[in-house]
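Structural features, examined
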Amino acid sequence: MLRTLMRAVPAIMLAVAATLTAPTALAATPASAPAVAADPAAPGAFPVAYSDLTVSAAGRSYSARVWYPGTSAGANAPVAPGLHPGLAFGHGFFQDISKYENTLRHYASWGFITVTPKSQGGISPSHTGFADDLNAALTWLTAQNSTTGSRFAGAVDTSRYALSGHSMGGGAALLAASRNPAVKSVSTLAAAETNPSAVSASAALAIPAQYVGGSKDTVAGVGSHQRKMYDAKPAPTQLRVITGGFHCGFTDSGGFGCDSGSVSRAEQQRLTRAVTTTYLLYTLGLDASLRDQVWGAAAQNLPGVVYDAKP
């Protein structure tokens, strides 16, 4: 009995060693990738934190709110461990950044450090100035990443920057992207033509660009705005039109001059979160498994969203 057991010990030890050294079924998540959730339309895994501060960079200075993944939720919480992509988001004409809280909180829950300038909020905003403000937000993040004592020191993935915005802010995001080689992707919501031209800026972009619009938008309609930008943009690019979506459906609440659509604001925002989050995660190289949801059959057949693309 004892001799039999002793003969079995080497085989048992080899089996245990093979188990310990064999590759696991799940690949390790890169430090810069957000924690994975089941559905990019649903909140991500990070607690959502925020900080109100002054951005000063590249000759620009303005008040901003930064939404970011935290170790806990709430104001001025520490940033979650790891490296996180940077995103600058531009508000629409005469819109307060509080109108976008649902969307901005969502991006932070997926790991994005999102800077939202409060600048250019008056009746006569400068589109080119707003583009410079958005780029200054990313320059500021780069500086904060290497500043001892900064909340964001060592927390920013400076190789993964993106721009976004709604209406005027979407147009300004395109202007900014055309001026900034650090930007790797841009995603816009009901982007409006600007001065200088966001259509012309789109034509100059080599990076991926996404145009999300609403079929019932009467303020910056798809045909007069996003379709022209999409047509001008060389591949890779896509146009995603939410059926029944409206201009103010991208904001958390309406107001003076707002339109309406045939889809609820909650559903429009759910679809917006789905298509923009997947796009940003994929085009920034954070989750290669999302390719089908960006360029494939899953994207083409998403209920409630019409799909045009130049992969």
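Residues numbered from 1 in each chain as written. Predicted model: local features only at pLDDT ≥ 70, side-chain atom pairs only at ≥ 80, totals over all residues. Heavy atoms only, no water.

1. As for the overall build of the protein chain
This is how it is decided: In this description a helix means any DSSP run of H or I spanning at least four residues, a strand means any run of E spanning at least two, and both kinds are numbered starting from the N terminus. When a residue's accessible area, from a 1.4 Å probe over protein chains only, is under 20% of the maximum for its type it is buried; when over 50% it is exposed; and in between it is partly exposed. Every residue pair with non-hydrogen atoms within 4.5 Å of one another is taken to be in contact. Here, Shrake-Rupley sampling with a 1.4 Å probe gives the accessible areas, and only protein chains in the shown set may cover a residue.
In terms of helices and strands, the protein chain carries nine helices and 10 strands. The proportion of buried residues among the 311 residues of the protein chain is 51%. Considering only contacts within the protein chain whose residues lie at least 6 apart along the sequence, 67% involve residues at least 24 apart. When the accessible surface of the protein chain is split by element, carbon and sulfur atoms take 58% of a total near 13,100 Å².

2. Section: the pairing of strand 1 (residues 48–57)
For the record, the criterion: By definition, two strands form a pair when at least two bridges between them are found by DSSP.
Note: strand 1 against strand 2 (residues 60–69), 10 bridges, orientation antiparallel. When the bridges of strand 2 are listed, Tyr 50 appears paired with Trp 67. A loop of two residues connects strand 1 with strand 2, the two strands running antiparallel in sequence, and Ala 58 in this loop sits at a positive phi of about 50°.

3. A closer look at the packing of helix 2 (residues 101–109) against helix 7 (residues 265–283)
Counted only if it meets this: Where helices are involved, their axes are fitted lines through C-alpha atoms of the stretch in contact, as for all axes, and angles between N-to-C directions lie from 0 to 180°. What makes a crossing left-handed is the near helix being turned counterclockwise from the far one by less than a right angle; a clockwise turn instead makes it right-handed. Amino acids outside the nonpolar list (Ala, Val, Leu, Ile, Met, Phe, Trp, Tyr, Cys, Pro) and the charged list (Asp, Glu, Lys, Arg) are all regarded as polar, and Gly is one of them.
Between helix 2 and helix 7, the least distance of the axes is 11 Å, while the angle of their chain directions is 35°. As helix 2 runs across helix 7, the sense of the crossing is right-handed. From helix 2, Asn 102, His 106 and Tyr 107 reach across to helix 7, where they touch Gln 269, Arg 273, Thr 276, Thr 277 and Leu 280. Tallied by class, the residues present in the contact of helix 2 with helix 7 amount to two nonpolar, five polar and one charged.

4. Details of the sheet that holds strand 5 (residues 113–117)
The strands making up a sheet associate through hydrogen bonds between their backbones, and the pairing can be parallel or antiparallel. What the 10 strands build is an open sheet, ordered 3-1-2-5-4-6-7-8-9-10; its pairing is mixed. Each of the sheet's edge strands pairs with one partner strand only, and the pair in question is strand 3 (74–75) and strand 10 (305–310). Here strand 7 (residues 183–189) pairs with strand 8 (residues 209–214) via four bridges, running parallel. Residue Thr 188 lies in a different strand from strand 8, and its bridge partner there is Tyr 211. Strands in contact with helix 2 are strand 1, strand 2, strand 4 (84–90) and strand 5; relative to strand 2, the strand with the most contacts, it is inclined by about 60°.

5. A look at the side chain of His 225
So the rule is basically this: Counted as a polar contact is a pair of N or O atoms within 3.5 Å, where, for protein atoms, one must be capable of donating a hydrogen and the other of accepting one, and residues adjacent in sequence contribute only when both atoms are in side chains.
Tracing the chain through its elements places His 225 in the loop between strand 8 and helix 6 (226–232). Residue class for His 225 comes out buried when judged on its relative accessible area of 17%. Polar side-chain contacts of His 225 include one of 3.0 Å to the backbone nitrogen of Glu 193. Apart from the residues lying within four places of it in its own chain, the contact partners of His 225 are Ala 191, Ala 192, Glu 193, Val 219 and Ala 220.

Function-wise, these values are silent; they only describe arrangement.
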